[in-house]
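Secondary and tertiary structure notes
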Amino acid sequence: MAKSAAATATRTWSDVKSPRKVVISEGLWLRCPSCEQMIYRKQMESNLHCCPECQHHFRIGAAERIRQLTDPGTFEAMFTNLRPSDPLKFKDLKTYAERITAEQVKSEATDACQAGVGFIKGRQAMLAVLDLNFMMGSMGSVVGEIITRAIETAQERELPLIVVSASGGARMQESGLSLMQMAKTSAALARFDRAGGLFISVLTDPTTGGVTASFAMLGDLIFAEPKALIGFAGPRVIQQTIRQELPEGFQRSEYIQDTGFVDRVVSRHNLRTEIARVIDFTGK
Amino acid sequence: MLLSMSTFYQLDFEKPITDLERQIEGLEADIRRASIPAPVATPADDAPTAPATPALPTLPPVDVNELAQRVEELRALRNKTLEEIYTQLNPWQTVRVARHPKRPQTRDYIDAFCKDFTELHGDRRFGDDPAIVTGFARIGPHRVMIVGHQKGRTTQEKLACHFGCAHPEGYRKALLKMKLAEKLKLPIVTFVDTQGAYPGVGAEQRGQAEAIAFNLREMSLIRTPIVSIIIGEGGSGGALGIAIADRVAMMRNAWYSVISPEGCAAILWKQANEQTNSQAAKALNLTAADNMRLKIVDAVVEEPVGGAHREPAAAAKNLEAYILRTIPELKALDPDTLVNQRYDRFRALGSFIELPS
């Protein structure tokens, strides 16, 4: 492998160590946080944002996810007219209103969920994707509403429903209203379930809190990307509670598959194929 | 009497009340002493009860009537102060009232107004979680299924219940008993009182998230009336996991929110202390009045002045009255209407801007 392009003639020990920090910069090169190899960004990106050396799955936003999953040019975005309001006039160190604006500028998204109808290897499906780039994919009223409408649309049009989750949980800045989105989405899934709809829930790194404890865990099939953090409480909270070392691999996809709450760990490269195969197999 | 309440646990903002109560106690002791025929004979018995009374050893002749009048005045002042404090509780103070160790819990309400309570244990999958109590009971003329968080009263019980933080088996037990109630056409009454579902290794291994998610989905379809009351703490998914109901009410001094104030402060303010907790509690809009405004709850059950922990019986009476009022309303609906209205209730929740497309 090529060494760091920024190598200089005289280096002290601290200079040698510093690039080992995981910094996902906008540079041409970056170091994989898993195998610690220097990798070429473009190569990583063309490898579905996976490390070309060790296949570490980098986190991706909703737009990239949709690009990866759907057949080119087939995705029609829906519910794009929903915007977050600030019902509680929430203010911590910053106001929620400021955060919304800053996140919208940063992520070029309006909130943390994108949904629409698209084709996956020629199979039509209703797709909703949570967006980590917007407030860690947290679920407020807009996310809850988009997921619910996606469920309702899938039911109306008799389409399979695919939700790709990546979220820190319910959005604190909407407090009780965020909590109610868990109830709302789950109730909508209850109807979809009884109507015979097929729901494939895809869990990606990280899926925690109120998102896991509602629609993400209600899939007829639950797929998870390798080594994704999946849980209800975060590992830090658990560690503070029990004051013990957590088990090896705790709350990672493979571990969750072993404990019985994920059907299949599916790598990003196989995700399209596996989803298409399930849609075919179930005849939806 | 109500005076003995404050001796063990005191909320800081209740201090003026406690001080007044001490004074009243002191004066009452004086009155008792003055009315004993042989004075100075037994000073040892009375000494510890009246630390605030000046000049204990030498008892000057006192006018009992005057003292009694003074006691009356102080009582009136205490009641007035209590009312003032409790009508102006800030959100963080409310949270602490909701956590008062003397506050009635699920089992206290069961004892207070449920007859023939038959506890049913276990989730038939893994075990029995004492943090959620379930069983048959009668409330007034109604046969119901009770489901409620139990925090525990004694240290032993608290530890067994994990302070009201349920494990997946608790949520699965709750759903199993609710399904039984559905089959038997019994209304379901749930009492919510938890800081949140238990965050532990075992809980995660056994699918805490799945257990809650499954409850949310299945409770939305149960074809018998469900009434939920947040009696103390309504923390996040752990609370919601037994609170998908046709009517959701809150006790006046309960809180209900997506996260506890401390949790929120630790994340958004980077540290949890008195000041940030207080700010977080305010920002989270977690009081009964806030949740009414947001339409998250349908009713507020009043508590006696000074909170349910001062007069548990009065709080229980109000709660019983609410349940007795609500169940007949819901029983009057046919199951389809009931389930549809429950769906519509939760479907409508949320606040967002919808631009013309």
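Residues numbered from 1 in each chain as written. Chains lettered and ligands numbered in written order. Predicted model: local features only at pLDDT ≥ 70, side-chain atom pairs only at ≥ 80, totals over all residues. Heavy atoms only, no water.

**A short note on the overall build of chain B**
Across its full length, chain B carries 15 helices and nine strands. Expressed as lengths along the three principal axes of its C-alpha atoms, the size of chain B is roughly 80 × 50 × 40 Å. Every one of the 357 residues in chain B was classed for burial, and the buried ones make up 55%. Within chain B, counting contacts between residues at least 6 apart in sequence, those at least 24 apart form 73% of the total. Surface summary for chain B: the accessible area is close to 15,400 Å², and the carbon and sulfur share equals 56%. Taken together, the 43 basic and 44 acidic charged side chains of chain B have centroids lying 6 Å from each other. (Helix = DSSP H or I, 4+ residues; strand = E, 2+ residues; numbered from the N terminus. Buried < 20%, exposed > 50% of the residue type's maximum accessible area, 1.4 Å probe, protein only. Contact = heavy atoms within 4.5 Å. Areas by Shrake-Rupley, 256 points an atom, 1.4 Å probe, with all protein chains shown as cover. Lys, Arg positive; Asp, Glu negative; His and termini not counted. Charge placed at Lys NZ, Arg CZ, Asp CG, Glu CD.)

**Focus on the interface of chain A and chain B**
Listed by partner, the interface residues are 59 residues for chain A and 52 residues for chain B. Of the roughly 4,900 Å² buried between chain A and chain B on both sides combined, carbon and sulfur atoms contribute 69%. At the boundary of chain A and chain B, one finds five salt bridges. R347 of chain B is the salt-bridge partner of E152 of chain A, the closest N and O atoms lying 2.7 Å from each other. Joining chain A to chain B, the criterion identifies 19 residue pairs in polar contact (both at pLDDT 80 or more). Breaking the side of chain A that touches chain B down by element, the ones donating at least two residues are β4 (82–84), α5 (141–157), α6 (175–194), α8 (235–242) and α9 (253–259) of chain A. (Buried area = accessible area lost by both parts, 1.4 Å probe. Salt bridge = Lys/Arg side-chain N within 4 Å of Asp/Glu carboxyl O. Polar contact = N/O pair within 3.5 Å; in protein donor to acceptor, adjacent residues only side chain to side chain.)

**Observations concerning the nonpolar core**
Ranked by internal contacts, the top residues of the largest apolar core, which has 137 residues, are I229 and Y256 of chain B. No other element matches the nine residues that α6 of chain A contributes to this core. Those residues in contact with I229 of chain B that sit more than four places away from it in its chain are V189, T190, F191, V192, A249, M251, L319, Y322 and I323 of chain B. (Core = buried A, V, L, I, M, F, W, Y, C linked by side-chain atoms within 4.5 Å.)

**Some remarks on the side chain of E204 of chain B**
With respect to the helices and strands, E204 of chain B occurs in helix α8 (residues 201–205). Of the side chains with opposite charge, R172 of chain B lies nearest to the buried E204 of chain B, which makes no salt bridge, at 11 Å. Side-chain polar atoms of E204 of chain B contact the backbone nitrogen of A233 of chain A, separated by 2.9 Å.

**Description of the packing of helix α1 (residues 15–35) of chain B against helix α3 (residues 64–87) of chain B**
Residues and elements named next belong to chain B. Relative orientation of the contacting elements α1 and α3 amounts to 165°, with a least axis distance of 9 Å. Relative to α3, the element α1 lies roughly antiparallel. Relative to α3, the crossing made by α1 is left-handed. Contacts between α1 and α3 involve P16, I17, L20, E21, Q23, I24, L27, E28, D30, I31 and A34 from the former and V64, L67, A68, R70, V71, L74, R75, L77, R78, T81, L82 and I85 from the latter. Of the residues in the contact of α1 with α3, the class split is 15 nonpolar, two polar and six charged. (Axes fitted to C-alpha atoms, helices over the stretch in contact; angles between N-to-C directions. Parallel < 35°, antiparallel > 145°, perpendicular 65-115°, else oblique. Left-handed = near helix turned anticlockwise from the far one by under 90°. Nonpolar A, V, L, I, M, F, W, Y, C, P; charged D, E, K, R; others polar.)

**Here we look at the confidence of the model for chain A**
Of the residues in chain A, 91% reach a pLDDT of 70 or more, and the chain-wide mean stands at 91. Every residue in residues 1–8 of chain A scores below 50 in pLDDT, and together they form seven contacts with partners more than four places removed in sequence or on other chains. (pLDDT = per-residue confidence, 0-100.)

**Quick word on helix α12 (residues 274–283) of chain B**
Residues spaced three or four apart along an α-helix point in a common direction, a consequence of the helix completing one turn every 3.6 residues. Residues and elements named next belong to chain B. Along α12, the residues classified as buried are T276, N277, A280, A281 and A283. Each buried residue of α12 lies within a common arc of 165° when the element is viewed along its axis, so the set occupies one face. Across from the buried face of α12, at angles greater than 90 degrees, the exposed residues are Q275 and K282. Looking at the buried side of α12, the elements it contacts are α4 (91–98) and α11 (261–268). Positive backbone phi, approximately 50°, marks N285, located one or two places after α12. (Arc of directions from axis to C-beta.)

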